[in-house]
Amino acid sequence: MELSRFSDPEFDAKEWINNALRSKDAQTPMDAHASMLVMKLQLFIQEVNGALEETSQQVMDNLPRVLRDVEGVRHETSLLKEQMHIVREDIKKVESDTALSMQKLVDLDALKTRMVDSQSALKEADNWTTLSSDVDTVFESQDIQKIAEKLSGMQQSLKVLHDVPDFEERKKLLEMLKNRLEALVSPRLIAAFNSQSADETIHYVKIFTDMNRYSQLESYYVGSQKVAVVELWSAIYDPSKHLHECLTTFYDELLSKWLSKLSWCSQVFLNPLGVLSTLFFQALDLLDPPLARCLDSAVQESRNPLATLSSLRQVTLRFVGEIEKSVAKFQDTSAVFRFVETVHVPYCQLLIRYQSLELQLLQQNLQAVKLLEPSGMDDIVSNVSKSVPEVFTWGTEALERCGHVTDGWGLCGLLKTLEVVRVHNGPYKFCIS
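Residues numbered from 1 in each chain as written. Predicted model: local features only at pLDDT ≥ 70, side-chain atom pairs only at ≥ 80, totals over all residues. Heavy atoms only, no water.

(A) Representation of the side chain of Lys 226 within the structure. With respect to the helices, strands and loops of the structure, Lys 226 is situated in helix 7 (residues 214–236). No salt bridge is formed by the buried Lys 226; the nearest opposite charge belongs to Asp 285, separated by 9.0 Å. (Helix = DSSP H or I, 4+ residues; strand = E, 2+ residues; numbered from the N terminus. Buried < 20%, exposed > 50% of the residue type's maximum accessible area, 1.4 Å probe, protein only. Lys, Arg positive; Asp, Glu negative; His and termini not counted. Salt bridge = Lys/Arg side-chain N within 4 Å of Asp/Glu carboxyl O.)

Below, the structure is given as structure tokens:
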């Protein structure tokens with residue numbers, strides 16, 4: 001018999017009785033089975049009553065001891081409260097008795113701090129005098145490391161001496177010495193850039209950073225390296241060749257330089273993407289002849305301006321895609337946006353003329369369709385119907401070109417172009433509408 005159900009908070013007596021009666025054997029009479037259940041329940045009740053009596057007796061036996069323990073805890077709590085009150089009073093008494101002494105200690109600590117600051121200022125003043133006295137000798141040695149350490153020490157001293165009367169004169173002297181060091185370092189720095197010596201460049205990066213002239217170091221790098229990019233275009237561009245070939249070769253070489261310099265700059269510069277982006281967009285602005293002029297000439301001289309523009313645009317978009325993939329591992333790629341923008345700028349004027357170029361091409365295509373001299377309405381309908389597949393092909397090609405050339409932003413202009421062609425081309429109106 002399952003007795004665990006009696007402890008269920010949702011126990012249902014009727015359900016339990018019905019389940020117990022259903023579980024009898026087929027050979028046992030119902031009365032005998034019910035009598036056996038009653039007997040088992042009585043035995044279980046007696047067992048429970050015995051357990052309750054035993055537990056109650058244990059509780060009664062332990063109650064006096066529990067009461068004594070509670071009384072002891074109450075007494076200890078009262079003692080603790082009194083002791084805490086005594087300690088609180090003692091603290092108040094100490095605070096009132098030592099308030100004057102504490103104030104004296106605070107004053108003494110402030111006096112000590114001022115004395116330490118004065119000592120440090122005197123020490124740094126003496127250090128400035130010592131460092132500046134033999135600075136010319138150190139410069140004559142041409143030892144860049146010693147010169148940098150000397151100027152770093154003078155710079156630290158100057159931070160402490162900001163309240164001295166001749167602070168501005170000392171500051172000007174330090175800036176002049178920094179200029180001398182920069183002039184001494186710059187040829188070696190550019191040589192390290194050209195040879196891509198990472199260890200030597202890192203050494204110079206530390207020197208310029210300690211002088212608070214890190215931005216000048218980046219400017220040296222950009223200025224020394226962008227000339228090679230400009231000369232690359234001058235060497236590749238050939239007016240006698242198709243611009244598509246020249247542009248493809250140029251962007252392939254430019255991508256190779258970008259990947260090589262990105263790997264190297266990541267080792268030495270704090271912001272490699274910013275430095276490289278500045279280098280390349282400045283170089284692209286200096287190309288001779290400018291890319292914008294070359295693109296405009298190639299499109300104007302082409303028999304199919306839109307096809308030429310689309311092919312050149314695809315070369316540029318592939319290059320931009322490779323640049324974006326190369327910087328995907330960096331968390332912040334915002335510095336590359338300016339370079340990418342510079343790559344797209346030469347196409348601006350051509351993209352502005354995109355709608356007129358599409359209109360010109362569609363009109364030329366329509367004019368090329370020669371309709372036979374019609375002898376009646378049936379001939380007109382037959383001639384136009386033969387041209388319908390060509391007209392829809394031109395429209396499809398124009399839509400594809402719009403995506404390739406303008407990335408879809410020229411779609412509104414294309415729709416206006418198609419509308420103009422539909423309105424002004426007689427029997428082809430229904431073909432384009």
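Further notes follow.
(B) Fine view of the packing of helix 11 (residues 305–326) against helix 12 (residues 337–344). Running from N to C, helix 11 and helix 12 point in directions that differ by 170 degrees, and their axes come no closer than 10 Å. As the angle between them shows, helix 11 and helix 12 are arranged roughly antiparallel. Contacts from Arg 313, Thr 316, Leu 317, Phe 319, Val 320 and Ile 323 in helix 11 reach Phe 339, Val 340, Val 343 and His 344 in helix 12. Of the residues in the contact of helix 11 with helix 12, the class split is seven nonpolar, two polar and one charged. (Axes fitted to C-alpha atoms, helices over the stretch in contact; angles between N-to-C directions. Parallel < 35°, antiparallel > 145°, perpendicular 65-115°, else oblique. Contact = heavy atoms within 4.5 Å. Nonpolar A, V, L, I, M, F, W, Y, C, P; charged D, E, K, R; others polar.)

(C) Structural context of the pattern of salt bridges. The full count for this structure, using the stated rule, is seven salt bridges. In this structure, Arg 65 engages Asp 69 in a salt bridge whose closest nitrogen and oxygen atoms are separated by 3.8 Å. Placement of both Arg 65 and Asp 69 in helix 2 (residues 30–133) is noted, with a separation of four residues, approximately one turn of the helix. One salt bridge in this structure joins Lys 206 and Asp 210, with 2.9 Å as the shortest N-O distance. Linking Lys 206 with Asp 210, this pair stays in helix 6 (residues 198–210), spanning four residues, or about one helical turn. Taken together, the salt bridges that share partners define one network made up of Glu 175, Lys 178, Glu 182 and Arg 213.

(D) Region of interest: helix 12. Restricting attention to buried positions, one finds in helix 12 the residues Phe 339, Val 340, Thr 342 and Val 343. One side of helix 12 holds all its buried residues, which, seen down the axis, span an arc of 155 degrees. In this structure, helix 12 carries Phe 337 and Glu 341 as exposed residues pointing more than 90 degrees from its buried face. Lining the buried residues of helix 12 we find helix 8 (243–268), helix 9 (272–285) and helix 11. (Arc of directions from axis to C-beta.)

(E) The nonpolar core, seen in detail. One finds Leu 181, Trp 258, Phe 269 and Phe 339 to be the most contacted residues of the largest nonpolar core, which totals 72 residues. Element by element, the count of residues in this core is highest for helix 8, at 12 residues. If we ignore the near neighbours within four places in the chain, the residues touching Phe 339 are Trp 258, Ser 277, Phe 280, Phe 281, Leu 284, Phe 319 and Ile 323. (Core = buried A, V, L, I, M, F, W, Y, C linked by side-chain atoms within 4.5 Å.)

(F) The environment of Leu 350, seen in detail. Structurally, Leu 350 can be placed in helix 13 (residues 348–352). Accessibility expressed as a relative area gives 2% for Leu 350, which makes it buried. For Leu 350 and Asp 296, which are 54 residues apart along the polypeptide, the C-alpha to C-alpha distance reads 7.0 Å.

(G) Region of the structure containing the packing of helix 7 against helix 8. Remark: helix 7 packs on helix 8, axes separated minimally by 9 Å, with the N-to-C direction vectors making an angle of 155 degrees. When the interaxial angle is binned, helix 7 and helix 8 end up roughly antiparallel. Here the hand of the crossing between helix 7 and helix 8 comes out right-handed. Contacts between helix 7 and helix 8 pair Tyr 221, Gln 225, Ala 228, Val 229, Leu 232, Trp 233 and Ile 236 from the former with Leu 243, Cys 246, Thr 249, Phe 250, Glu 253, Leu 254, Lys 257, Lys 261, Trp 264 and Cys 265 from the latter. Residue classes in the contact of helix 7 with helix 8 are distributed as 12 nonpolar, two polar and three charged. (Left-handed = near helix turned anticlockwise from the far one by under 90°.)

(H) Main features of the environment of Ala 192. Turning to its location among the elements, Ala 192 is positioned in helix 5 (residues 167–195). Here Ala 192 falls in the buried class, since its relative accessible area comes to 1%. Spatially, the C-alpha atom of Ala 192 lies 9.7 Å from that of Ile 202, the residues being 10 residues apart in sequence. In contact with Ala 192, other than residues within four places in its own chain, are Ser 197, Glu 200, Thr 201, Tyr 204 and Trp 264.

(I) The side chain of Ser 277, seen in detail. Along the chain, Ser 277 turns up in helix 9. Polar side-chain contacts of Ser 277 include one of 2.7 Å to the backbone oxygen of Ala 335. For Ser 277, the residues in contact, after removing those within four places along its chain, are Trp 258, Ala 335, Val 336, Arg 338 and Phe 339. (Polar contact = N/O pair within 3.5 Å; in protein donor to acceptor, adjacent residues only side chain to side chain.)

(J) Main features of the packing of aromatic side chains. Applying the stated criterion across every chain yields a total of 15 aromatic pairs. Plain terms: the ring middles of Phe 193 and Trp 264 are 6.3 Å apart, the flat faces sit at 90 degrees to each other, and that makes the pair edge-to-face. Here the residue Phe 193 occupies a position in helix 5, and Trp 264 occupies one in helix 8, the gap between them amounting to 71 residues. Of the residues examined, Phe 193 reaches a relative accessible area of 1% and is grouped as buried. Each ring, one from Trp 258 and one from Phe 339, has its centre 5.2 Å from the other, and the planes form 20 degrees; the classification is stacked. Linking Trp 258 in helix 8 with Phe 339 in helix 12, this pair joins segments that are 81 residues apart in sequence. Phe 339 carries the same exposure label as Trp 258, and that label is buried. (Phe/Tyr/Trp six-rings, centres within 6.5 Å; stacked < 30°, edge-to-face > 60°.)

(K) The confidence of the model for the protein chain, seen in detail. For the protein chain, the average pLDDT comes to 78, and 73% of its residues sit at 70 or higher. pLDDT under 50 marks residues 428–433. Its contacts with residues more than four places away, or in other chains, come to 19 contacts. (pLDDT = per-residue confidence, 0-100.)

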